Amino acid sequence: METEPKDLIVLGAIKHGIKKFDKIQKTTQIEAEELNKILEQLENRGFIKVVEKKGWLGKKIEIDVTDKGSREVDERVHELQTRWNQMSQIYKTGDKEKMKECMEENKSFLPTMMFFGVMDMVMFSMMFSMMGMAMSDYVPAESMPEEADTGMDDGSMDGGADDGGFDIDIGF
């Protein structure tokens, strides 16, 4: 599973309560055909099960994580946390070459670390600053969380409040 971080992202999304195909697709940003293959692999490995339920409008299909799948997610997230802790320690030493080497070794795991919230995004961006590189050199744009965007102030820095007051609807 280590060579296929998308499997882990899909399994993690299901474990966290996303049970419908279209919602899994939206959350993971994986194309339908690829997601279908990943789900089939996860089911074949006993990590998920497909459950048909009767609803108001007929039957609906949900995907549930098995105990085996849940343990797999927990183990892999622990491994990701360990990798992140190692990267953090290297960053704190200030060794640029070792940091670049570590980033290269963990390149395929960075989107997964972001998805599971394992990494500290501020420290992560500081790592790139230390190396004089852009985050996009290592992480595809579609995998970067919105808050990782460090664009210029577009006027939204004031939190959207135009007069500093509160807008309360009291129902009159």
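Report on the accompanying structure. (Residues numbered from 1 in each chain as written. Predicted model: local features only at pLDDT ≥ 70, side-chain atom pairs only at ≥ 80, totals over all residues. Heavy atoms only, no water.)

**Examining the overall build of the protein chain**
- Broken down by element type, the protein chain carries seven helices and two strands.
- Along its sequence from the N terminus, the protein chain presents helices and strands in the succession α-α-α-β-β-α-α-α-α.
- In the protein chain, the proportion of contacts linking residues at least 24 apart, taken out of those at least 6 apart, comes to 60%.
- Accessible surface, the protein chain: about 11500 Å² in total, of which carbon and sulfur atoms supply 50%. (Helix = DSSP H or I, 4+ residues; strand = E, 2+ residues; numbered from the N terminus. Contact = heavy atoms within 4.5 Å. Areas by Shrake-Rupley, 256 points an atom, 1.4 Å probe, with all protein chains shown as cover.)

**Details of the packing of aromatic side chains**
- Per the counting criterion, the structure on display carries three aromatic pairs.
- Aromatic rings pair up to connect Trp84, Phe124 and Phe128 into one cluster. (Phe/Tyr/Trp six-rings, centres within 6.5 Å; stacked < 30°, edge-to-face > 60°.)

**Re the pattern of salt bridges**
- Tallied over the entire structure, the rule returns ten salt bridges.
- Between Asp7 and Arg45 there is a salt bridge, with its nearest N and O atoms 3.1 Å apart. A residue pair is termed long-range when its members are at least 10 positions apart, and Asp7 in helix H1 (residues 5-15) and Arg45 in the loop between helix H3 (32-44) and strand E1 (48-55) qualify at 38 residues.
- Under the relative-accessibility criterion, Asp7 is labelled buried at 2%. (Salt bridge = Lys/Arg side-chain N within 4 Å of Asp/Glu carboxyl O. Buried < 20%, exposed > 50% of the residue type's maximum accessible area, 1.4 Å probe, protein only.)

**Points about unusual backbone geometry**
- Of note in this structure, Gln29 is not a glycine but carries a positive phi near 60 degrees.
- Relative to the assigned elements, Gln29 resides in the loop between helix H2 (21-28) and H3.
- Gln29 sits in the exposed class, given a relative accessible area of 56%.

**Thoughts on the packing of helix H5 (residues 96-105) against helix H7 (residues 121-131)**
- The contact between H5 and H7 brings their axes to 10 Å, and the two run at 125 degrees. When the interaxial angle is binned, H5 and H7 end up oblique. Relative to H7, H5 is oriented so that their crossing is left-handed. Of the residues in H7, those in contact with Lys96, Met99, Lys100 and Met103 of H5 are Phe124, Met127, Phe128, Met130 and Met131. (Axes fitted to C-alpha atoms, helices over the stretch in contact; angles between N-to-C directions. Parallel < 35°, antiparallel > 145°, perpendicular 65-115°, else oblique. Left-handed = near helix turned anticlockwise from the far one by under 90°.)

**Looking at H5**
- Listing the buried residues of H5 in full gives Met99, Cys102 and Met103. The buried residues of H5 occupy an angular sector of 100 degrees when projected down its axis, which confines them to one face. Across from the buried face of H5, at angles greater than 90 degrees, the exposed residues are Glu97, Glu101 and Glu105.
- Looking at the buried positions of H5, the neighbouring elements they touch are helix H4 (67-93), helix H6 (110-115) and H7. (Arc of directions from axis to C-beta.)

**Looking at a negative patch on the surface**
- Taken together, the side chains of Asp95, Glu97, Glu101, Glu104 and Glu105 make up a negatively charged region of the molecular surface.
- Note that Asp95 resides in the loop between H4 and H5. (Patch = residues over 30% accessible without salt bridge, like charges linked within 9 Å, V, L, I, M, F, W, Y side chains within 5 Å. Lys, Arg positive; Asp, Glu negative; His and termini not counted. Charge placed at Lys NZ, Arg CZ, Asp CG, Glu CD.)

**Notes on the side chain of Thr66**
- One can find Thr66 in the loop between strand E2 (58-65) and H4.
- Setting aside chain neighbours within four positions, we find Thr66 in contact with Gly46, Phe47, Ile48 and Lys49.

**Description of the pairing of E2**
- Examined bridge by bridge, E1 and E2 share eight bridges and lie antiparallel to one another. What sits directly across from Val51, in E2, is Glu62.
- Where E1 hands over to E2, the hairpin turn is made up of two residues, counted between the paired strands. (Pairing = 2+ DSSP bridges.)

**Observations concerning the side chain of Thr28**
- Position of Thr28 relative to the elements: it lies in helix H2.
- A relative accessible area of 12% means that Thr28 is categorised as buried.
- At 2.7 Å, the side chain of Thr28 and the backbone oxygen of Ile24 are in polar contact. (Polar contact = N/O pair within 3.5 Å; in protein donor to acceptor, adjacent residues only side chain to side chain.)

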